[in-house]
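Residue-level listing of the chains:
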Amino acid sequence: MFTSYIAIGDSFTEGVGDELPDGRTRGWADFVALGLAQAAAANGDAGSVRYANLAIRGRKLGPLIAEQLPPAVDQRPELISLNGGGNDIMRPRVSIEAVAQQLVDAARTVTDAGIHLLLLSGANPSLHLPMGSLMRRRGNELDAAVRVHLPLDDVTYVDNWADERLWDIRYWSQDRLHLNPLGHARVASNVLTAFGVPVPAEWGVEEVAAGPASATSRRTADYYRRYVLPWVGRRLTGRSSGDGRTAKIAELTVVDPTAMPPL
């Protein structure tokens, strides 16, 4: 059981797609922290789990590691999670091997500091995106390139990319690039299961998974206007959706196992 946990990453880890009524993002990493806190409380250790989330949307892997890894390691948590590379593989040109090597080098930095690393892949949105076949091929290549280096001591790998349940459109937000609350809860379930931590029944992960698959919906002109064109515009002007944003939970903070709202 980990009692201190820091998440680093991009929009996937920040929780984009799982927005609460007050505008804050939640996401799978928050769910994992909540699951750890609830498990600790069940063992009589309520208030013992601390959590921080340094992830910022839009970050490519190089800046992500440079900006977020040092402050995460400096806080000396028992667990750090790392996901990245999704923004890299959507660029016109990318070296898959270089991205994989950055992930492995970051993993060694974490474990050399005596901290356990949760290394995880993002879910696969390619069935629902324009030019999805290119993203699927690159995602498959990145997944394989990382696996070549596994297993690593003190590293737990969770392969969400290969989770076929997460391919279903019902797990994705309206932009089809980011998971919705159901998708984030499933990723958290994958992580907690890898650690042998019970998944809270009220999340309904198993019930949702047991339901029938959804039909793939069409991409309309409104979809391209609302989501695709703004993304293209940011690429052409060198802007990022994370410009000006800071970490949502910069310092390790006690997790109240009753504080976060349900799905």
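Details of the structure are given in the entry above.
As a convention, each chain's residues are numbered from 1 in the sequence order in which they are written. With the structure being a predicted model, the display of local features is reserved for residues of pLDDT at least 70 and the display and counting of side-chain atom pairs for 80 or more, all residues being used for whole-chain, interface and lining totals. Just so you know, side-chain values use all the structure's heavy atoms and leave hydrogens and water out.

**Brief notes about helix 6 (residues 132-147)**
Part 1: Secondary structure elements follow DSSP: runs of H or I no shorter than four residues count as helices, runs of E no shorter than two count as strands, and numbering proceeds from the N terminus. Helix span is expected to be 1.5 Å times the residue number reduced by one. Between the first and last C-alpha of helix 6 there are 22 Å, a value that for 16 residues agrees with the 22 Å anticipated at 1.5 Å per step.
Part 2: For helix 6, the complete set of buried residues consists of Gly 132, Met 135, Arg 138, Gly 139, Leu 142, Asp 143, Ala 145 and Val 146. Buried residues of helix 6, seen end-on, are gathered within an arc of 165° and therefore sit on one face of the element. Exposure classes here rest on a 1.4 Å probe applied to the protein chains alone. A residue is buried below 20% of its type maximum, exposed above 50%, and partly exposed in between. By construction, the arc corresponds to the directions joining the helix axis to the C-beta atoms.

**Observations regarding the sheet that holds strand 4 (residues 116-121)**
Part 1: Whether two strands pair comes down to DSSP finding at least two bridges between them. Spatial ordering of the open sheet is given by 5-4-3-1-2-6, a layout of six strands whose pairing is mixed. The open sheet terminates on both sides in strands that have one partner only, identified here as strand 5 (155-159) and strand 6 (249-254). Looking at each pair of strands side by side, their axes are set apart by 15° on average, direction ignored.
Part 2: Any pair of residues with heavy atoms lying within 4.5 Å of one another is described as a contacting pair. Every axis corresponds to a line fitted to the C-alpha atoms, with the helix fit spanning only the stretch in contact, and the corresponding angles, defined between N-to-C directions, vary from 0 to 180 degrees. On the sheet, helix 6 packs against strand 4 and strand 5 and is oriented at approximately 155° with respect to strand 5.

**Points about the packing of aromatic side chains**
Part 1: Whether two aromatic rings pair depends on their centres lying within 6.5 Å, for rings of Phe, Tyr and Trp, where Trp uses its six-membered ring; planes under 30 degrees apart make the pair stacked, over 60 edge-to-face, and the rest tilted. For the coordinates displayed, the defined rule picks out four aromatic pairs.
Part 2: Taking the centre distance of 5.6 Å and the plane angle of 35° together, the rings of Phe 12 and Trp 28 count as tilted. Here Phe 12 is found in helix 1 (residues 11-14), whereas its partner Trp 28 is found in helix 2 (residues 28-42), with 16 residues between them in sequence. Here the two residues Phe 12 and Trp 28 agree in accessibility, since each one is buried.
Part 3: Each ring, one from Phe 31 and one from Trp 203, has its centre 5.0 Å from the other, and the planes form 65°; the classification is edge-to-face. Of this pair, Phe 31 sits in helix 2 while Trp 203 sits in the loop between helix 7 (181-195) and helix 8 (205-210), placing them 172 residues apart in sequence. Summarising the burial analysis for this pair, Phe 31 and Trp 203 share the class buried.

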